[in-house]
Every structure is written in structure tokens, then in C-alpha cells.
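# A closer look at the structure
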Amino acid sequence: MEKRLIITVDGPAGSGKSTVSRILAERISYIYLDTGLLYRAVAYKAMQRGISIEDDEALRKLCDGIDIPFETDNGNMKVLIDGEDVSGRVRTEEIGMLASSVSAVSAVRDALLLPQRSAGRYGGIVAEGRDMGTVVFPGADIKFFLDADADERAKRRYAQLMENGINVDLGEIKKGLEARDYQDTQREIAPLKPAGDSVIINTTGIDVEGVIEKMTIIVEKHTRLAGN
Ligand code: DC
């Protein structure tokens, strides 16, 4: 039987990793795991309960026994909070920034580690986030790290939000991305960084299909070498 690989895709906000990971997973019939969505769900839950992101102790309590069910529906990932699908509601810049803050708290990362690893236990997964190749799946078969210039990342995010009818300012988007990059790369636990054995792809000036093509070549080569 064909070996089902664990493929990780890490990188900063706006590097294009969500789009390409979702499409790649769909094309090779793998599960798509958007781990940012889990951190966003925790941030949303904290916000709903009026918990300050500065309050590590309250976040610790919130995460004690927390259950964030998630599922893939038609190639898209959904998260539920108290039985309600909040996926659309948490994909905002505001929740992205809150997620970045709560993700620096060890209790939050610890609570999400097991569910993420469980999702990959049978392989056949494209797992996307910040620490997939370094912490969650250090033994992954293929590790990608996607990056792009801050200007290009801001423009992509801007276009995406405007397309969804959300009116935003490009300068503000860029500032927000840079603040999030800073938090995500400078935190003590599981900071955003390429795993030593990752394939780094700078997606500046390359469209989605171009990035997927580069990734597919590597996936196919790996599959052939594995004798599948
Ligand atoms: O990928 P995203 O923009 O949805 O992620 C939101 C935040 O969640 C991101 O700024 C940092 C955090 N995150 C993380 O710390 N580790 C992950 N594996 C995924 C996301």
C-alpha cells in the first residue's frame, strides 16, 4: 500500500501557505490541517469569556481540558466552539493578532499539541502552521517553509480581505503582519523558524499554481524515492 506522508508547511502570515496547503492536500487526497485555526479558536473563546491575553493563569484554566473539535469539510477546515461553527468568524485580522498573543502561552500550546498530532497519526496529511516541522511533526517526511516579502504578503492579505467585502487599509495590514511576525518569531516556545531540514520557498512574485508546482515536484520525487 502507498505510504501516506506527513507534509508540513510553515511560514509567516500572508506567505500563501494556507491556500497552497489546502489545494495541495486536495490534489493528493490528503487531510488538510490548518493549525492557525485552532489558535484562533482559543483566542476567540478567551475573548468571549472576557479573558485578557495578559492573564496567563486564566488562559491556563481555560485550556485545562479544553476541547476544540475540528473537521475537514469539502477540503476546508472548520472549528466548533460549544457546538457552533465559528470558522468564518475567527478568520479576521483582530483574532489573528489575539491568536498570535495567546499562542505564546505554554498552556495553550500544550493543550493543542495532542489533537494536532492525533490528526497526523495515520499520515496522509498536509499540516500548516508555525511549528509543524520543528515541534509538532519533527519527523515529518517533507517540510516546507514558505516566505515572501512583507509588502507582497500585505498586498495578498489586503486583496483577500477586500474580496470578502472587508474594507481595510493596506498600510494597517502591513503593520499588523509585521507585529505578528515579530511576536511569532520572538516568543520563547516554538517560535516561527524553518526546521533545519526544510525546503524554503520564497513565494514573492510566484502565483499559487507556481508554488504548488514546486511543492508537487518535491512530493512526487519523495514518493518515488520511497518506492511507492
Ligand atoms: O496561520 P494563522 O494566521 O491562522 O495563525 C494565527 C496565529 O496563531 C499566528 O500568528 C501564530 C499562531 N500559530 C502558532 O503559534 N502556531 C501554529 N502552528 C499556528 C498558528
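Our subject is the structure listed above.
Let us look at the structure shown here. Just so it is clear, the model here is predicted, and its values are computed rather than measured.

Calculation criteria
Residues numbered from 1 in each chain as written. Predicted model: local features only at pLDDT ≥ 70, side-chain atom pairs only at ≥ 80, totals over all residues. Heavy atoms only, no water. Helix = DSSP H or I, 4+ residues; strand = E, 2+ residues; numbered from the N terminus. Buried < 20%, exposed > 50% of the residue type's maximum accessible area, 1.4 Å probe, protein only. Contact = heavy atoms within 4.5 Å. Areas by Shrake-Rupley, 256 points an atom, 1.4 Å probe, with all protein chains shown as cover. Polar contact = N/O pair within 3.5 Å; in protein donor to acceptor, adjacent residues only side chain to side chain. Pairing = 2+ DSSP bridges. Near = heavy atom within 4 Å. Core = buried A, V, L, I, M, F, W, Y, C linked by side-chain atoms within 4.5 Å.

On to the overall build of the protein chain, then. Of regular secondary structure, the protein chain possesses ten helices and eight strands. A principal-axis box enclosing the C-alpha atoms of the protein chain has dimensions of 55 × 40 × 35 Å. Per-residue burial over the protein chain gives 46% buried out of 228 residues. In the protein chain, the share of contacts with a sequence separation of at least 24, taken over all contacts with a separation of at least 6, comes to 76%. Just so you have it, the protein chain exposes about 11300 Å², and 49% of that area is on carbon and sulfur atoms.

What follows deals with the environment of Pro 115. Topologically, Pro 115 is positioned in helix α6 (residues 106-119). For Pro 115, a relative accessible area of 31% corresponds to the partly exposed category. Sequence spacing of Pro 115 and Thr 35 is 80 residues, and the spatial spacing of their C-alpha atoms is 9.9 Å.

Now for the side chain of Ser 87. Along the chain, Ser 87 falls in helix α4 (residues 87-90). Overall, Ser 87 belongs to the buried group, its relative accessible area being 4%. One polar contact links the side chain of Ser 87 to the main-chain amide nitrogen of Val 79, over a distance of 3.0 Å. Not counting the four nearest positions on each side in its chain, Ser 87 is found in contact with Leu 37, Met 77, Lys 78 and Val 79.

Attention shifts here to the sheet that holds strand β5 (residues 84-85). If you walk across this open sheet you meet the three strands as β3-β4-β5, and the pairing is antiparallel. Each edge of the sheet is formed by a strand with only one pairing partner; in this case those strands are β3 (70-73) and β5. Two elements, β3 and strand β4 (residues 76-81), share four bridges in a ladder whose sense is antiparallel. Paired with Phe 70 across the bridge in β4 is Val 79.

Moving on to the site of the ligand. Surrounding the ligand, one finds 16 residues, the nearest of these being Arg 40, Arg 109, Asp 131, Arg 180 and Asp 184. Within the side chain of Arg 109, one N or O atom sits 2.8 Å away from an oxygen atom of the ligand. Taking Arg 130, its side chain carries an N or O atom lying 2.9 Å from an oxygen atom of the ligand. In the complex, 97% of the free accessible area of the ligand, which totals 440 Å², lies under the protein chains. Broken down by secondary-structure element, the contributors of at least two residues to the shell around the ligand are α2 (35-48), α5 (93-102) and α9 (170-186).

A few words now on the nonpolar core. Counting residues in each nonpolar core, the largest one holds 37 residues, and the members touching the most others are Val 42, Ile 68 and Val 108. Of all the elements in the fold, those that place two or more residues in this core are α2, α3 (56-63), β4, α5, α6, β6 (125-129) and α7 (132-136). Filtering out sequence-adjacent residues up to four positions away, Val 108 remains in contact with Tyr 39, Val 42, Cys 63 and Val 102. Counting residues in each nonpolar core, the second largest holds 18 residues, with Val 20, Leu 24, Ile 201 and Val 219 among its members.

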